[in-house]
Amino acid sequence: MELFWILLFSIVHPYARGQGVYAPANAQIVHSGAACNVKEDNISERIYTIKEGDTLVLQCIVKGHPRPQVRWTKTAGSASDKFQETSIYNETLRIEGIQRVQGGRYYCKADNGVGVAAIKSIRVDVQYLDKPVLTVHQTISDVRGSYYQEKTVFLRCTVNSNPPARFIWKRENTPIEQSKDNGVDIYEPLYTQGETKVLKLKNLRSKDFANYTCQVSVRNVCNIEDKSVTFRLTNATTPPALRLSVNETLVVDPGRDVTLTCEVTAGFPPPTVTWSRYPGPLPLSAQVRGGSLMLRAVTPTDAGFYNCTAVNNVGNPARRNVNLVVRTMSNLTFQITPDSNKDSESIQMGRDLKLSCHVDATPQDKVNYTWFKNGASVYNSESLILLRSDPEMAPGTSSLEIVDMKFRDLATYSCVANFPGSRVPELRVDVNISQNITPPVLAVPAGGQAVSVREGGTTELVCLVVDGKPRPPVLWSRMDKDLLMPSGKPVVETRDGRLRLTNVSRDMMGAYRCQTAPYNGLNIKRREAQVQLNVQYPPILDPVFQDVRSRNYQMVTLRCSVLRSNPQRLTNIRWFRNGEPVRMPPPDLKENPELKFKLEPTNNGSYECRVTNGAGTSTCTFNVSARPYNAEFYFDTPNPVRILKANNYSYNLQWTQRDPEATDSIIGYWINVRKVGYTHTHNLLSKQIDLKGVEPVKGVLMSHAISDLRIPLSYEVRLAPITTYSTGDYISRIIQYSEPYTYPRPSDHVCGFEDERICGFSQDRSDVFDWTRQNHLTQNPKRSANTGPETDRSGTKEGFYMYIEASRPRVTGDKARLLSPLFNVTSVRGPKGSGRVPYCVSFYYHMKGKHIGMLNVLLRVTSIASVDTVVWSKAGHQGVDWKKAFFDISPSGPFQIVFEGIRGSGFEGDIAIDDVSITKGKCKQESSVASTVLIGGSATLRPLPLASWLTFALCCFLLLLYR
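Scoring rules and cut-offs
Per chain, the residues get numbers from 1 upward, laid out in the order the sequence is written. Local features in this predicted model are restricted to residues of pLDDT 70 or higher, and side-chain atom pairs are both shown and tallied only at a pLDDT of 80 or more, whereas totals for entire chains, interfaces and linings draw on every residue. Excluding hydrogens and water, the side-chain values take into account all heavy atoms of the structure. Only DSSP runs of H or I covering at least 4 residues are called helices, and only runs of E covering at least 2 are called strands; the numbering of each starts at the N terminus. Whether a residue is buried, partly exposed or exposed follows from its accessible area with a 1.4 Å probe, protein chains only, as a fraction of its type maximum: under 20%, in between, or over 50%, in that order. By definition, residues are in contact when any of their heavy atoms lie within 4.5 Å. For the accessible areas, the method is Shrake-Rupley and the probe is 1.4 Å, while residue cover comes only from the protein chains on display. Note on terminology: pairs of cysteine sulfur atoms within 2.5 Å are recorded as disulfides. When DSSP finds two or more bridges between two strands, those strands count as paired. Each salt bridge in this description consists of a side-chain nitrogen of Lys or Arg and a carboxyl oxygen of Asp or Glu lying within 4 Å of one another. Classification of ring pairs uses Phe, Tyr and Trp, with its six-membered ring standing for Trp, and accepts pairs whose centres are within 6.5 Å; under 30 degrees between planes counts as stacked, over 60 as edge-to-face, and the remaining range as tilted. Counted as over-ring charges are cases with an Arg CZ or a Lys NZ within 6 Å of the ring centre that also lie within 35 degrees of the ring normal. We call a set of buried residues a nonpolar core when its members are Ala, Val, Leu, Ile, Met, Phe, Trp, Tyr or Cys and they connect through side-chain atoms within 4.5 Å of each other.

## Points about the overall build of the protein
Inference 1: Summing up its helical and strand segments, the protein has three helices and 70 strands in all.
Inference 2: When the 963 residues of the protein are sorted by exposure, 46% land in the buried category.
Inference 3: A fraction of 69% describes how many contacts in the protein between residues 6 or more apart in sequence connect residues 24 or more apart.
Inference 4: Carbon and sulfur atoms form 50% of the exposed surface of the protein, whose accessible area is close to 49200 Å².

## Considerations on the state of the cysteines
Inference 1: Summed over the entire model, instances satisfying the criterion amount to eight disulfides.
Inference 2: The residue that forms a disulfide with C357 is C415, at a sulfur-sulfur distance of 2.1 Å. Residues C357 and C415 are joined through a disulfide that is left-handed, its torsion about the S-S bond being -90°. Of the two residues, C357 sits in strand β28 (residues 353-362) while C415 sits in strand β33 (residues 412-418), which places them 58 residues apart along the sequence.
Inference 3: Here C357 falls in the buried class, since its relative accessible area comes to 0%.
Inference 4: On the basis of relative accessible area, C415 is assigned to the buried category, the value being 1%.
Inference 5: With its sulfur 2.0 Å from that of its partner, C751 forms a disulfide with C759. Because the torsion about its S-S bond is 90°, the bridge between C751 and C759 counts as right-handed.

## Digging into the sheet that holds strand β52 (residues 616-625)
Inference 1: In space, the five strands of this open sheet follow the order β45-β52-β51-β48-β49, with mixed pairing throughout. Looking along the sheet, the strands with just one partner apiece sit at the ends: β45 (545-549) and β49 (580-581).
Inference 2: Bridging between strand β48 (residues 570-577) and strand β51 (residues 605-613) involves seven bridges; their strand directions are antiparallel. Pairing of F576 across the sheet is with E608, part of β51.

## Some points on the pairing of strand β56 (residues 666-675)
Inference 1: By the criterion of burial, β56 is predominantly enclosed, with seven of the 10 residues buried.
Inference 2: Pairing between β56 and strand β59 (residues 714-723): nine bridges, direction antiparallel. Counted as the bridge partner of N672 is R718 from β59.
Inference 3: Where β56 and strand β57 (residues 683-690) come together, seven bridges link them in antiparallel fashion.

## Topic: the pattern of salt bridges
Inference 1: Scanning all chains against the criterion turns up 38 salt bridges.
Inference 2: E263 is the salt-bridge partner of R243, the closest N and O atoms lying 2.8 Å from each other. Of this pair, R243 sits in strand β19 (residues 238-244) while E263 sits in strand β21 (residues 258-268), and the two are 20 residues apart along the sequence.
Inference 3: For E263, a relative accessible area of 38% gives the class partly exposed.
Inference 4: Here R860 and D764 are joined by a salt bridge, their closest N and O atoms 3.4 Å apart. You can see R860 sitting in strand β66 (residues 854-862) and its partner D764 sitting in the loop between β61 (762-763) and β62 (772-774), a full 96 residues away along the chain.
Inference 5: Given a relative accessible area of 13%, R860 falls into the buried group.
Inference 6: Shared partners join several salt bridges into a network, and the residues in it are D764, K815, R817, R860, D868 and E900.

## Focus: the sheet that holds β66
Inference 1: On the basis of which strands lie adjacent, the open sheet formed by five strands has the order β61-β64-β69-β66-β67 and antiparallel pairing. Of all the strands in the sheet, the pair left with one neighbour each is β61 and β67 (866-875).
Inference 2: Judged from the five bridges that link them, strand β64 (residues 815-819) and strand β69 (residues 895-902) form a sheet pairing that is antiparallel. In the strand pairing of β69, K815 is matched with I902.

## Section: the environment of V424
Inference 1: Following the sequence through the fold, V424 ends up in the loop between β33 and β34 (427-432).
Inference 2: If sequence neighbours within four positions are ignored, V424 has contacts with D253, P254, R327, M329 and F419.

## Focus on the packing of aromatic side chains
Given two aromatic rings, their pairing is described by the distance between the two centres and the angle made by the two planes.
Inference 1: In this structure the tally under the stated criterion is 13 aromatic pairs.
Inference 2: Stacked on the ring of F576, the Lys or Arg R610 has its end atom at 3.7 Å from the ring centre.
Inference 3: Of note, R793 hangs over the ring of Y844, and the distance from its end group to the ring centre comes to 4.3 Å.

## Notes on the nonpolar core
Inference 1: Within the largest apolar cluster, 34 residues are counted, with the highest numbers of intra-cluster contacts made by F843, F899 and I913.
Inference 2: When contributions to this core are tallied by element, the ones reaching two or more residues are β63 (801-804), β64, β65 (839-846), β66, β67, β68 (883-889), β69 and β70 (911-920).
Inference 3: In this view, F899 contacts F761, W771, A816, R817, L818, F843, N856, V857, I913 and V916; residues no more than four positions away in its chain are not counted.
Inference 4: Counting residues in hydrophobic clusters, the runner-up holds 30 residues, among them I347, L353, C415 and F419.

## Side note on the environment of V229
Inference 1: Considering the arrangement of structural elements, one finds V229 in strand β18 (residues 227-232).
Inference 2: The spatial distance from the C-alpha of V229 to the C-alpha of L134 is 6.8 Å, given a sequence separation of 95 residues.
Inference 3: With residues up to four places along the chain from it excluded, the contact list for V229 reads P132, L134, Y212, T213 and C214.

## A short note on the side chain of R773
Inference 1: Looking at where R773 falls in the secondary structure, it is placed in strand β62.
Inference 2: Excluding anything up to four places from it in sequence, R773 contacts F753, E754, D755, E756, I758, F800, Y801 and M802.

## Quick word on unusual backbone geometry
Excluding glycine, most residues fall at negative phi; most peptide bonds, likewise, are trans.
Inference 1: With an omega of -5°, the peptide bond between Y278 and P279 qualifies as cis.
Inference 2: Positionally, P279 belongs in the loop between β22 (272-278) and β23 (287-289).
Inference 3: In this chain, T362 is followed by P363 through a cis amide linkage whose omega measures -5°.
Inference 4: Looking at where P363 falls in the secondary structure, it is placed in the loop between β28 and β29 (368-373).
Inference 5: Phi is positive for E172, which is not a glycine, with a value near 55°.
Inference 6: With respect to the helices and strands, E172 occurs in the loop between β13 (166-171) and β14 (174-175).

Put into structure tokens, the structure is as follows:
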């Protein structure tokens, strides 16, 4: 009955039927590059182990038609890993010099728009071992006495590693064992970063003054060697101490050379001194010599906090900080504040008046302000009051208040800002106080309230201070507070009130506010106005381009939709065919443009709809034709090569037709074949494939055998569909002869799975779980007892084999299939025309355990459809030893051998195979071999019940009828 269902499947399955469009099959991730190990953990998750710094190469293999798009994503690992935020659209994921933060779970997702996407994941485990850090500490109570005499000392060793490191403490060259020395404790502290081991020396003894080595090991995983660090403990060992040559805050003029020195005053071993800066790194001009840091010709960009650190791994590091401030001074401004108590906006006699002066400086609090009246220094009096820091103004503002203003107070007042004793040039501003000072008047010129400009052009927004003295600057901003100015700033200052905009875009459109600045003038309520910017742009149309295919003599409608337009009023709509105007009634300018016509062989071509408004013209372009769409090669055809007599081979080309019903009926295909490297004028084959009245169906495979190809040449094949009226576009692919897979190699005719590439075998994508490559050293230590081999077939623990793990989450009936490489049958007949060419399949199997399921070997013959036939089978416990099986097969075409392991009723059901051989010719008989249930091939068939023979005959009849 089993044979019946296999054959029936080959009839009804869409693949076998020629149905070419199908969803992606279950994806498979294969690896290459520098993998240390690939295994499955207890939950059957594939784990790819790699050494930090090596190259990660993962390839996602998937079937499906049309060709699926493969997308890689990563959803686990460090939050700083940028790969989490992006996707890689490629079948191969390659990461050069992989880092530890790039470990995690990687997913490949294949989607072609048909059915459900295929997803596969693999966990990448990055192995690394840093150099350990050894630090020495003492208890706080020990500070009162001599640092280490008869005190308790802690040697702390910390390392970052994956997998967790093993620690070994040594005194001199002898390992320290806690059980043999009451003066030491070795333990792991809580709440530590990384992995840490502490060696506690209790009440130091003379022998405790020695060299201590912390050695860390990850047991040579990924060939990572052990690392160690050594510290010499003496009675002179002390933590570091520092003394700084300057104050904690150092203020200097720009252009000066600065030297900062950290003097080491204590510490043994001699501490190492380093300098750093916050924020940012040290300046490029910085020079570090021992404990001194020299800065040449400092600038304001060199300012910051400089940190001096001394480390000798004893106690805590010693640190000193210097805040380097470089003096700067710029942008001196003034304000005139009339009597605010009387809501004045102009200068009046008998009222109070305040003059304010501010400079942007660093440090702000060190600025000195000096006031002058008509050149003479101003001092505090009953009528003139100086405020060093005006609380009503911005910090660092100096003000001069004039009380009960008299005519004698009308004068020129000067504010001078400087740093006392500094070479930074002083800044000065003069303010002429007279009765002519009047509030400003802000106005927009006539016609300037709304400004129109074409997109990409240049324009100017104008707000003028037409009256008032002194005249303040004009500040521009957007009326919408959430929008920035075109410069990217919230506010832009203009001295003359003219805002110039270049390369204007539509996102600049909107209302702009102009207002007087609160400085360099009267400090009163701001004057403001508004200007509207209107950006004109040509119509935005949809579609910009569209490929329109149709049958001849059918009506075609071309629509050009106007999405947006400024100005909205359209001024012209015109249609063109191949650059020539189309005669038609004048279109309605208020409607979306539309053109209807009957498609004929004479009016195929490029159609344009040109839509115009006051800002310009935009175009919808349509490529209209009755030409058929291109064909699509069936990308994952399994190497359809057949060897012919002499030195020739043939190739079975397969393809589907894209949207065959969109245009006139396809009657055939043009096919051109040429040798790779030759021009198209040297075609080996150029002819028409006649479909003989059978029209292509969407998604259904078509095929054509190309013969008389020479081994080992490669060829370019070009294919184009044909209708009664036209020919479609050509598509191209390269076909090449591939040598029959030399497996096993003549020099190594048995595959023992010792190489990670497992001799070209691969996991079947349609099964439930995978076979695993393993040896005794890589076995899971928590694996189930009483099942599975202890060694490989040769009896060595280092040797590898392939096995299926029956533990959770596997359930009864789960299948794992291992596929051999594809073998090309090199000849149709055997010696002297005697039947098909025989091949010998030989392997060892191990089936120990009370829950052993079944091991099947299938012959998969590949053509347009793949047919699997069971050729060998074993079930149940077969003993504790490896056993050999061999049998003959006689395939009718390119073939693969499939090892199918089926999980039994419990977890004690691991099955293993080893030393697989597939060779040409019949097997040599061995009397010691107990073989087999053989189905097909050249072996004798087991007698079957009459009902099974009837079923077999019915299936054969259906196959013949189908073909």
